[in-house]
Amino acid sequence: MRVVSRLVLANLRQHPARMALTSLAVIAAACVVIWVVSGYDALLAQFDAFADEYLGRYQLAVVPEGPEQPSGMGQPAGRPIPPEVVHLLQQDPDVAAVDPLVQSPTKKVTRVGPPHEPGESKRAVAAGPNPKRRGPPKDGSSRGGRPGGTKRPGMAPPTSGASSASGAARPFSWPRPTLVGTGAQEPPHEMVQGTWLKSAAPDRPEGVLSDGAAEQINADVGDEVLIETERGEFRLTIVGIVRQASLGGGGPRGPAPSRGPAANAMYVSVALAEKITGEPAKINCINVALTDGVDAESFRRRWNERFRREGFAAAVLDPGDVKEDMEQGFSATRVRNQSYAATGISLLAALFIILTTLGMGVDERIRQLAMLRAVGLTRGQVAAMIAVEALVITRVSPLEAMAPRATTQATRHLTAAALLGLTLIAVNPLLVFVVPMADESRYGIYAALGCTSMAVGFVLLAPLAILLTERLFAPLLAVVLRLDRRLLGTQLGGNLWRTVGTTVALSLGLGLFVAMQTWGYSMLEPFVPGDWAPDVLVCFPYGGLPEGELDDVARIEGVAAERCLPLAVEQPKLAEDITGSRERQTIARQDNVVMVGFDPERALGGADPMLDAVFVEGNREDAIERLRAATAGPVHDCRRRLAARLALDDEVLRAAAAERPFGGPGFRLARGCSPRLRPG
Amino acid sequence: MDPSRDAPPLVVENLTKRFRRGEVVIDALRGVSLVVQRGEFVAVMGASGSGKSTLLHVVAGLTPPDDGRVLVDGHDLAAMADRHRTAFRRRHIGLVFQAFNLIPTLTAEQNILLPILADKRLGVDNGRLEDLIAWLGLAGRRSHRPDALSGGEQQRVAIARALVTDPTLILADEPTGSLDSVAGQELCRLLNEQCREHGRTIVLVTHEPSVAAWATRVVVLRDGQVLSQFATAEFGDAHALAAHYHDIVRPAPVTNA
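Residues numbered from 1 in each chain as written. Chains lettered and ligands numbered in written order. Predicted model: local features only at pLDDT ≥ 70, side-chain atom pairs only at ≥ 80, totals over all residues. Heavy atoms only, no water.

## Digging into the pairing of strand β3 (residues 108-113) of chain A
Residues and elements named next belong to chain A. Going by this rule: Burial classification: accessible surface area is computed with a 1.4 Å probe over protein chains only, and a residue below 20% of its type maximum counts as buried, one above 50% as exposed, and the rest as partly exposed. Numbering goes from the N terminus for both helices and strands, where a helix is a DSSP run of H or I of at least four residues and a strand is a run of E of at least two. Strand pairing requires that DSSP identify at least two bridges connecting the strands.
For β3, the tally of buried residues reaches 6 of 6 residues, placing the bulk of the element in the interior. The pairing of β3 with strand β7 (residues 224-228) spans 5 bridges and is classified as antiparallel. Bridging across to β7, K108 finds its partner in E228.

## Structural notes on the side chain of B:T86
We count it as follows: Residue contacts follow a heavy-atom distance rule, with two residues in contact if any of their heavy atoms lie within 4.5 Å.
Relative to the helices and strands, B:T86 resides in helix α2 (residues 82-92). With near-sequence residues (within four places) excluded, B:T86 lies in contact with A:R373, A:G376, A:L377 and A:T378.

## Digging into the pairing of strand β2 (residues 24-36) of chain B
Every other side chain in a regular strand lies on the same face of the sheet, so the side chains alternate between the two faces. Residues and elements named next belong to chain B. Relative to β2, strand β1 (residues 10-21) runs antiparallel, the two being bridged by 10 bridges. Looking at β2, one finds that R20 is bridged to V25. Where β1 folds back on β2, the antiparallel hairpin that results is connected by 2 residues, among which G22 adopts a positive phi of roughly 65°.

## Here's the deal with the confidence of the model for chain B
Counted only if it meets this: Per residue, pLDDT measures the predictor's confidence, with a range of 0 to 100.
Within chain B, residue pLDDT values average 89, and 96% of them lie at 70 or more. In the model of chain B, helix α8 (residues 238-249) of chain B stands out as the element of lowest mean pLDDT, 88, in contrast to strand β8 (residues 201-205) of chain B, which has the highest, 95.

## A look at the confidence of the model for chain A
Keep in mind that low pLDDT regions are not for reading the predicted coordinates in detail. Residues and elements named next belong to chain A. For chain A, per-residue confidence averages 70 on the pLDDT scale, and 65% of positions sit at 70 or higher. Across residues 67-77, where pLDDT falls below 50, the model places 32 contacts with residues more than four positions away in sequence or in other chains. The low-confidence segment residues 248-255 (pLDDT under 50) makes 21 contacts with residues lying over four places distant or belonging to another chain.

## Regarding the nonpolar core
Note the threshold: We call a set of buried residues a nonpolar core when its members are Ala, Val, Leu, Ile, Met, Phe, Trp, Tyr or Cys and they connect through side-chain atoms within 4.5 Å of each other.
Counting residues in each nonpolar core, the largest one holds 93 residues, and the members touching the most others are A:L7, A:L372, B:L10, B:L55 and B:L171. For A:L372, the residues in contact, after removing those within four places along its chain, are A:L7, A:L377, A:M385, B:I103 and B:L114.

## Quick look at the interface of chain B and chain A
Where the parts come together, the accessible area they lose is often given as the size of the interface. Short version of the rule: Throughout, the accessible surface (probe 1.4 Å) given up by two parts as they are put together, summed over both, is called the buried area. A pair is scored as a salt bridge if a Lys or Arg side-chain nitrogen falls within 4 Å of a carboxyl oxygen belonging to Asp or Glu. N or O atoms within 3.5 Å of each other form a polar contact, as long as, within protein, one can give a hydrogen and the other can take it, and as long as residues adjacent in sequence are counted only when both atoms are side-chain atoms. In this count, Pro and Cys sit with the nonpolar residues alongside Ala, Val, Leu, Ile, Met, Phe, Trp and Tyr, while Asp, Glu, Lys and Arg are called charged and the others, Gly among them, polar.
Listed by partner, the interface residues are 26 residues for chain B and 20 residues for chain A. Here chain B meets chain A over a buried area of about 2000 Å², counting both sides, of which 59% is carbon and sulfur. Three residues, B:I103, B:T105 and B:L117, lead the burial of chain B against chain A; their summed loss comes to 27% of the area buried on that side. Our enumeration of links across chain B and chain A arrives at 2 salt bridges. With a shortest N-O distance of 3.3 Å, A:R379 and B:D82 are connected by a salt bridge. Counting across the chain B and chain A interface gives 7 residue pairs in polar contact (both at pLDDT 80 or more). At the level of elements, α2 and α3 (108-117) of chain B are the ones that each hand at least two residues to the side of chain B that touches chain A. Considering only residue class, the side of chain B that touches chain A consists of 14 nonpolar, 4 polar and 8 charged.

## Notes on helix α6 (residues 181-198) of chain B
All names here are of chain B. What counts is decided by this rule: Residue count minus one, scaled by 1.5 Å, sets the expected span of a helix.
The end-to-end C-alpha distance of α6, which contains 18 residues, comes to 25 Å, matching closely the 26 Å that a straight helix rising 1.5 Å per residue would cover. Those residues of α6 lying buried are G184, L187, C188, L190, L191, N192, E193, Q194 and C195. Where α6 is buried, its residues contact β3 (41-46), α4 (126-135), α5 (151-163), β8 and α7 (209-212). You can read the cap of α6 off the contacts: a side-chain oxygen lies 3.0 Å from the backbone nitrogen of V182, and it is on D180.

## Section: the pattern of salt bridges
Pairing between side chains becomes possible if they bear opposite charge and their charged atoms approach one another. Applying the stated criterion across every chain, the model contains 30 salt bridges over all chains. For the salt bridge of A:E297 with A:R300, the shortest nitrogen-to-oxygen distance reads 3.2 Å. With a gap of 3 residues between them, A:E297 and A:R300 both fall in helix α7 (residues 296-310), about one helical turn apart. The partner of B:R18 in a salt bridge is B:D27, and the shortest N-O contact between them spans 3.3 Å. Exposure remark for B:R18: the relative accessible area of 33% places this residue in the partly exposed category. Within the structure, one salt-bridge network assembled from shared partners comprises A:E297, A:R300, A:R301 and A:D318.

## As for the environment of A:A383
Topologically, A:A383 is positioned in helix α11 (residues 379-393). The class for A:A383 is partly exposed, based on a relative accessible area of 34%.

## Things to note about the sheet that holds strand β5 (residues 75-76) of chain B
Residue and element names in this part refer to chain B. We count it as follows: Comment: axis = line fitted to C-alpha atoms, over the contacting stretch for helices; angle = value between 0 and 180 degrees taken between N-to-C directions.
Spatial strand order, β2-β1-β4-β5: 4 strands in an open sheet with antiparallel pairing. Single-partner strands in this sheet number two, and they are β2 and β5. When strand β4 (residues 67-72) meets β5, the two strands line up antiparallel, connected through 2 bridges. Within the sheet, the bridge partner assigned to V72 lies in β5 and is H75. Strands in contact with helix α1 (residues 52-59) are β1, β2 and β4; relative to β1, the strand with the most contacts, it is inclined by about 115°.

Here is the structure:
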């Protein structure tokens with residue numbers, strides 16, 4: 001190897017720029033892979049850590065079995081767990097502690113200041129900043145860029161992800177803390193401040209916050225908070241803060257499992273929870289701690305089997321289920337797919353860079369390599385030299401060194417290669433359109449086999465295409481560039497494999513560019529607002545705009561008061577999989593729907609409606625009438641097209657609405673009310 | 001028993017080599033036989049296309065023959081596997097080319113040592129290396145790369161590379177073809193000296209009578225066959241040798257029946 005290494009090093013020293021650029025290109029490709037894949041790995045690592053800590057001092061959680069709950073919001077289940085389940089678990093000798101949870105959503109949780117602070121009205125305190133603190137408003141909202149909640153004209157509308165009053169970047173939407181009624185004698189998670197709940201009596205209004213919730217509403221131990229629910233408002237005092245696992249660094253950010261204990265919680269006694277919600281306690285999660293030495297997995301299997309056998313709609317979750325639940329989330333799937341795609345593309349690009357560079361090096365030194373053979377280097381030593389060179393530059397492949405130079409006599413081989421290439425290219429459409437198989441299998445086979453054969457096919461087709469192109473266009477190009485035609489030939493057909501490498505690399509880049517542009521346009525086009533949309537949409541996250549303040553917004557300078565329409569936006573998870581999202585998750589196939597509530601008359605009616613939608617089926621009058629009756633609503637034509645199963649008068653949202661915590665009627669697609677974006 | 005002990009350094013028996021270009025078959029060598037004795041300096045002459053270089057390449061084992069065999073030091077090259085043939089060539093045959101064929105990225109000394117570096121069984125003999133460099137007048141140029149050497153110096157480096165393993169046989173393919181007459185004659189003197197003083201066996205391909213005059217014997221090829229062989233001692237100088245050579249290779253006059 002000493003002669004091989006000496007020759008390789010000498011050659012690399014001779015071409016430092018080529019060496020540097022090629023290495024840089026390959027390093028860049030490798031960096032893309034590492035960057036994307038490490039992002040996915042980091043996400044999984046976070047899921048691991050989160051899943052391990054999510055249940056706190058408990059090993060397992062019992063949750064209602066059935067349709068999944070709204071994802072990632074720490075929302076409670078709508079279907080309660082029968083109290084008998086608690087009793088049965090308590091009788092199990094393997095169980096050390098059973099703590100049922102009564103979880104309810106809140107409309108809003110706001111810090112209103114230290115208890116018994118005189119001279120502050122509730123509203124003013126609720127909206128005003130704490131003079132002792134720096135940070136976001138105490139209710140966790142930015143209130144449309146109105147720090148401190150001071151009403152003043154000319155306020156700026158909020159933007160997604162805009163900085164809060166403290167200047168810290170915040171995500172668009174945080175989940176509101178979930179009210180968790182618990183009778184646990186010990187905190188479920190480590191206490192970081194204050195004490196755990198001391199009294200179960202409803203006349204002692206005290207609560208404990210998860211650290212994420214405390215950060216969100218900027219509350220400390222001793223602070224008084226205002227909880228707003230469907231039933232009304234309630235004040236209580238924070239007596240402690242627990243450290244609860246969360247993704248994204250401690251706050252209530254990032255994804256959360258769709259089932260189980262709330263990740264962003266306000267713990268109160270069960271009696272207090274009943275008082276606040278005005279409803280009898282319904283258990284929707286049970287934390288279970290096992291005695292020492294009990295195998296959690298066998299316990300989980302045993303109880304899941306028992307639940308099924310005895311007809312309880314409940315299931316036992318362990319940290320593994322929590323992790324799996326989160327990995328199935330859309331973002332995790334997307335990141336994983338991105339990592340696979342980036343890896344494939346980068347490897348392909350790197351391979352072409354390597355082959356092209358090696359081809360240049362070998363072509364230039366073909367005489368030198370022959371001389372080395374003559375003076376005593378074996379074939380293996382020469383091949384090793386090329387391989388080591390490839391490894392040094394890029395860490396791959398001496399194939400190009402063995403590739404034959406194209407000659408006129410080789411045209412037959414190139415034709416055969418082209419025919420083989422065409423055959424391989426034909427494999428992909430055959431797999432997609434002809435061969436009968438399940439969609440899931442088709443997708444996998446298309447990605448693994450179809451795309452690969454197509455890529456190899458195009459590479460095999462390239463040499464003949466280059467020769468034909470050269471034959472057809474070289475004379476013209478030679479005239480245009482004022483070059484000798486034969487000279488041009490020596491640079492294209494004469495260095496065929498180099499030309500092929502360059503061509504494929506360029507084609508790859510061009511293909512990626514076209515694919516990204518096409519994909520981006522086709523995916524974004526349905527979501528780009530058209531002429532029908534209002535001039536400005538103002539978002540009021542974290543509780544929305546209080547009633548009565550709409551007039552203030554309408555009076556802002558530049559806003560046409562009569563053209564100011566309040567919208568209520570919710571994004572519930574669908575109980576039924578009407579878009580096929582469980583079969584294959586994509587941006588277009590989702591398990592949730594954005595519901596927009598508005599005054600039908602103001603939005604759609606009149607000669608110049610606020611939402612000037614085009615009805616591709618049905619008519620405006622029918623839509624307004626049925627919206628007013630709250631029995632049906634129009635659906636976006638894009639959504640209807642994507643969910644092929646939707647038809648007019650389908651009760652698309654009935655099942656979903658029944659699972660929603662606040663209940664409500666099912667929605668029906670109004671006959672002929674399918675607004676479509678106006679072209680242009 | 002070592003076949004090299006008493007065997008002539010080079011025996012070529014009935015060598016045939018054909019090249020195919022599509023449907024056309026070209027007979028480059030047609031039954032060439034030749035024996036070169038130890039310490040002999042043989043010049044192979046002939047017109048372009050007569051088969052001189054092909055003969056040299058087959059003898060060196062770079063090109064396989066279609067028929068016949070080549071024995072170097074009694075070893076049949078065709079009977080060896082490529083790996084062994086390469087190692088044998090490295091140790092027993094020194095090659096010198098018209099175009100020098102030095103590695104441009106290596107220094108003169110590194111180029112000289114190339115065959116030794118490629119062989120685990122060969123070690124660098126510093127004394128021999130110093131003697132070679134001094135004998136060839138390359139002492140001040142050993143760390144220079146080929147592009148900093150003159151044509152004559154490059155060819156001397158090539159000769160040193162061919163001699164560094166102390167081979168049985170030196171094969172030189174028109175070594176003076178890229179040199180001026182002075183450098184060419186100097187090179188011939190060096191080769192002749194190797195022959196006389198060190199008993200080196202040399203086969204040199206050339207079409208220049210002034211170069212062939214340095215040899216002890218001339219073999220003339222025409223159309224892939226040995227046309228004639230003669231000792232250079234029969235001629236007083238290069239001009240006489242040239243005249244004889246031209247008489248041999250001149251086509252026979254066409255006579256009317």
